[in-house]
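Analysis of the macromolecular model
Single-letter residue listing:
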Amino acid sequence: DVKVTQSSRYLVKRTGEKVFLECVQDMDHENMFWYRQDPGLGLRLIYFSYDVKMKEKGDIPEGYSVSREKKERFSLILESASTNQTSMYLCASSSPGTSGNNEQFFGPGTRLTVL
Amino acid sequence: AQRVTQPEKLLSVFKGAPVELKCNYSYSGSPELFWYVQYSRQRLQLLLRHISRESIKGFTADLNKGETSFHLKKPFAQEEDSAMYYCALSRLNTDKLIFGTGTRLQVFP
């Protein structure tokens, strides 16, 4: 059973802390994604990586950075957590798409609360 | 600009009633469209994609380029269809998706 796993289901941090969210996939996918999911706003792309050490900013990268040192692992970093980063964070992976075939596989999510 | 619009935040129906979850998109080119679903306490997963022209769990979605729509339909809703549904559009020449804001479907017994 192929899987995308995220290191924590729930996380509580204080304002100003550095926060690491980890994601691992076992499908040998080139692409990995970090989204945040907020009610009424849907899924918004934070960062995207299409290969080891390669990354692209998504729609809302401010306040976040990422690291992809190994193909299977994609980390999201909040350098200095703020209360407006309280959210559900979803990681996903996919293979490079042929037409209409770029299904994304999602992790279970990490619910981060910043106090 | 590429955009996906899901006008309904919540759709409530009774079991056995027809369901239509609306999705409109703006895109310059040949769009690739998807529906993703998230059941309670489960991860987000692909439901169907327009290119496959398939029916999954009784759901179908037809791409209407004239109306720029990709509505999700099911003739007879079941309680187990209650979930959050997201319409998504593949961004031009990339593997990235643009998601709509989602519609929560509630099916009452």
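Residues numbered from 1 in each chain as written. Chains lettered and ligands numbered in written order. Predicted model: local features only at pLDDT ≥ 70, side-chain atom pairs only at ≥ 80, totals over all residues. Heavy atoms only, no water.

**A short note on the sheet that holds strand 8 (residues 72-74) of chain B**
All names here are of chain B. Overall, antiparallel pairing links the three strands, which are arranged 3-8-7 in an open sheet. Two strands in the sheet have a free side with no partner beyond their single neighbour: strand 3 (19-21) and strand 7 (60-61). With two bridges connecting them, strand 7 and strand 8 associate as antiparallel partners. Residue Thr60 lies in a different strand from strand 8, and its bridge partner there is Lys73. (Pairing = 2+ DSSP bridges. Helix = DSSP H or I, 4+ residues; strand = E, 2+ residues; numbered from the N terminus.)

**Considering the pattern of salt bridges**
Applying the stated criterion across every chain yields a total of 11 salt bridges over all chains. Where Lys22 of chain B meets Glu20 of chain B, a salt bridge forms, and the shortest distance between an N and an O atom there is 3.0 Å. Given the relative accessible area of 30%, Lys22 of chain B is considered partly exposed. Sharing partners across several salt bridges, the network here consists of Asp28, Glu30 and Lys71 of chain A. (Salt bridge = Lys/Arg side-chain N within 4 Å of Asp/Glu carboxyl O. Buried < 20%, exposed > 50% of the residue type's maximum accessible area, 1.4 Å probe, protein only.)

**Quick look at the state of the cysteines**
All names here are of chain A. A full pass over the atoms with the stated rule returns two disulfides over all chains. Covalently, Cys23 is tied to Cys91 through a disulfide, its sulfur atoms 1.9 Å apart. Judged by the sign of its S-S torsion, about -75°, the bond between Cys23 and Cys91 is left-handed. With Cys23 in strand 3 (residues 19-25) and Cys91 in strand 9 (residues 87-94), the pair connects residues that are 68 residues apart, well separated along the chain. Each member of the pair, Cys23 as well as Cys91, carries the same accessibility label: buried. (Disulfide = S-S within 2.5 Å.)

**Let's talk about the environment of Leu46 of chain B**
Tracing the backbone through its elements, the reader meets Leu46 of chain B in strand 6 (residues 45-49). A relative accessible area of 14% means that Leu46 of chain B is categorised as buried. When the C-alpha positions of Leu46 of chain B and Tyr85 of chain B are compared, they lie 9.9 Å apart, and in sequence the two are 39 residues distant. The residues touching Leu46 of chain B, leaving out its near neighbours within four places in the chain, are Glu103 of chain A together with Phe34, Trp35 and Tyr36 of chain B. (Contact = heavy atoms within 4.5 Å.)

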